[in-house]
Amino acid sequence: MRETTMSKKQGSMTKVKICGLFRSEDIDYVNEAKPDFIGFVFAASRRRVTAEHAWKLKKKLDPEIKAVGVFVDASLEEPLRLIREGIIDIVQLHGKEDEAYIRELKEKTGCPVIKAVRVESREDICRMQSCMADFLLLDHGPGGTGKSFDWSLVPEYSKKNFFLAGGIEQSNVTRAVSQLKPYAVDVSSGVETCGVKDRKKILDIVAMIRNME
């Protein structure tokens with residue numbers, strides 16, 4: 001089993017995740033920009049990738065960038081297989097996966113687990129503080145909407161480090177980091193043009209966050 005090394009010391013730099021990569025050039029862009037994480041979507045989405053295609057992309061990925069697999073109510077065997085095959089390093093869950101599912105996944109892999117939270121009230125976040133997942137991902141709706149939720153719902157103190165998702169882009173990322181101090185920001189449509197990843201937008205948003213240190 002691998003130990004979880006993803007942690008954030010107080011005052012350390014906010015990390016960056018670029019999600020929804022599915023083209024070879026997407027990997028070129030992130031290898032240049034050097035975010036901390038990228039995301040492969042294995043759930044129903046226009047950005048969905050197969051295991052075989054994700055493997056080809058992972059082979060091109062800078063080994064210092066961790067690959068996150070995004071799942072919605074997948075059988076436990078699916079993320080387990082992708083971890084065993086070295087296609088992903090971290091699991092992100094967006095469905096109704098319960099504590100037993102998360103516990104078994106962690107016990108069998110030792111990999112970090114991110115659990116998405118559909119934020120409609122402050123209680124949605126508070127009740128997840130005891131979740132077995134290593135991180136929460138705070139998002140608008142079911143995820144992938146490209147819209148922000150009401151950031152005032154995020155408590156001043158969260159026992160769990162969290163990824164902030166939902167409508168993050170250059171126009172609001174500085175405010176998001178300053179106001180909420182997330183462990184990481186998760187960006188997808190905010191670095192796209194006409195539905196595909198945009199090199200300049202990726203480079204610019206990563207640089208903006210790095211320059212906030």
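Keep in mind that this is a model prediction, so the values were computed, not measured. (Residues numbered from 1 in each chain as written. Predicted model: local features only at pLDDT ≥ 70, side-chain atom pairs only at ≥ 80, totals over all residues. Heavy atoms only, no water.)

Draft legend 1. Fine view of the pattern of salt bridges. Overall, the coordinates contain 19 salt bridges when judged by the stated rule. For Asp36, the salt bridge is made with Arg210, and the minimal N-O distance between the two is 3.1 Å. Of this pair, Asp36 sits in the loop between α1 (24-33) and β2 (37-41) while Arg210 sits in helix α7 (residues 199-210), placing them 174 residues apart in sequence. Among the ionic pairs, Glu97 bridges to Lys115, the shortest N-O distance being 3.6 Å. One end of the pair, Glu97, is in the loop between β4 (90-93) and α4 (99-109); the other, Lys115, is in strand β5 (residues 113-118), with 18 residues separating them in the sequence. Given a relative accessible area of 8%, Glu97 falls into the buried group. (Salt bridge = Lys/Arg side-chain N within 4 Å of Asp/Glu carboxyl O. Helix = DSSP H or I, 4+ residues; strand = E, 2+ residues; numbered from the N terminus. Buried < 20%, exposed > 50% of the residue type's maximum accessible area, 1.4 Å probe, protein only.)

Draft legend 2. Expanded view of the environment of Lys56. Note on placement: Lys56 falls in helix α2 (residues 51-60). Taking the C-alpha atoms as reference, Lys56 lies 8.8 Å from Ile87; in sequence the two are 31 residues apart.

Draft legend 3. Highlighting the nonpolar core. Formed by 58 residues in total, the largest nonpolar core has its most connected members in Ile18, Phe40, Phe42 and Leu138. Once residues within four sequence positions are removed from consideration, Phe40 is found in contact with Leu21, Ile27, Val49, Ala54, Leu57, Lys58, Ala67, Val68, Gly69, Val70 and Ile87. The next biggest cluster of nonpolar side chains, apart from the first, holds 11 residues, and it includes Ile114, Phe135, Phe163 and Ala184. (Core = buried A, V, L, I, M, F, W, Y, C linked by side-chain atoms within 4.5 Å. Contact = heavy atoms within 4.5 Å.)

Draft legend 4. Here's a closer look at the packing of aromatic side chains. Overall, the coordinates contain six aromatic pairs when judged by the stated rule. An angle of 40 degrees between the planes, with centres 6.4 Å apart, marks the rings of Phe37 and Tyr183 as tilted. Separated by 146 residues along the polypeptide, Phe37 in strand β2 and Tyr183 in the loop between α6 (173-180) and β8 (184-187) bring together distant segments of the chain. Note on accessibility: Phe37 and Tyr183 belong to one class, buried. (Phe/Tyr/Trp six-rings, centres within 6.5 Å; stacked < 30°, edge-to-face > 60°.)

Draft legend 5. Geometry of α4. Every buried residue of α4 is accounted for by Tyr101, Ile102, Leu105, Lys106 and Thr109. The buried residues of α4 occupy an angular sector of 125 degrees when projected down its axis, which confines them to one face. On the buried face of α4, the contacting elements are α3 (77-84), β4 and β5. Taking the backbone nitrogen of Ala100 as reference, a side-chain oxygen 3.3 Å away marks Asp98 as the first, capping residue of α4. Phi turns positive, to about 75 degrees, at Gly110, one or two residues after α4. (Arc of directions from axis to C-beta. Polar contact = N/O pair within 3.5 Å; in protein donor to acceptor, adjacent residues only side chain to side chain.)

Draft legend 6. Broad picture of the sheet that holds strand β3 (residues 66-71). Taken in spatial order, the eight strands of this closed barrel run β1-β2-β3-β4-β5-β6-β7-β8, and their pairing is parallel. Across this sheet, the average inter-strand angle for adjacent strands is 25 degrees, counted without regard to direction. Where strand β6 (residues 135-139) meets strand β7 (residues 162-164), three bridges bridge the pair, whose relative direction is parallel. Bridging from a neighbouring strand, Leu137 pairs with Phe163 of β7. Contacts from α4 reach β4 and β5, with the element oriented near 160 degrees to β5. (Pairing = 2+ DSSP bridges. Axes fitted to C-alpha atoms, helices over the stretch in contact; angles between N-to-C directions.)

Draft legend 7. Fine view of the environment of Thr174. The residue Thr174 is located in helix α6 in this model. A relative accessible area of 35% places Thr174 in the partly exposed class. With 28 residues separating them in the primary sequence, Thr174 and Ile202 have C-alpha atoms 15 Å apart. The contact partners of Thr174, leaving out residues within four places of it in the chain, are Met208 and Met212.

Draft legend 8. Looking closely at the pairing of β4. Residue alternation in β4 divides its side chains into two sets, Ile90 and Gln92 and Val91 and Leu93, and both sets are buried. When β3 meets β4, the two strands line up parallel, connected through four bridges. Across the sheet, Phe71 pairs through a bridge with Leu93, a residue of β4. For the handedness criterion, the β-α-β arrangement of β3, α3 and β4 is classed as right-handed. (Right-handed = clockwise from strand over helix to strand, strands pointing away.)

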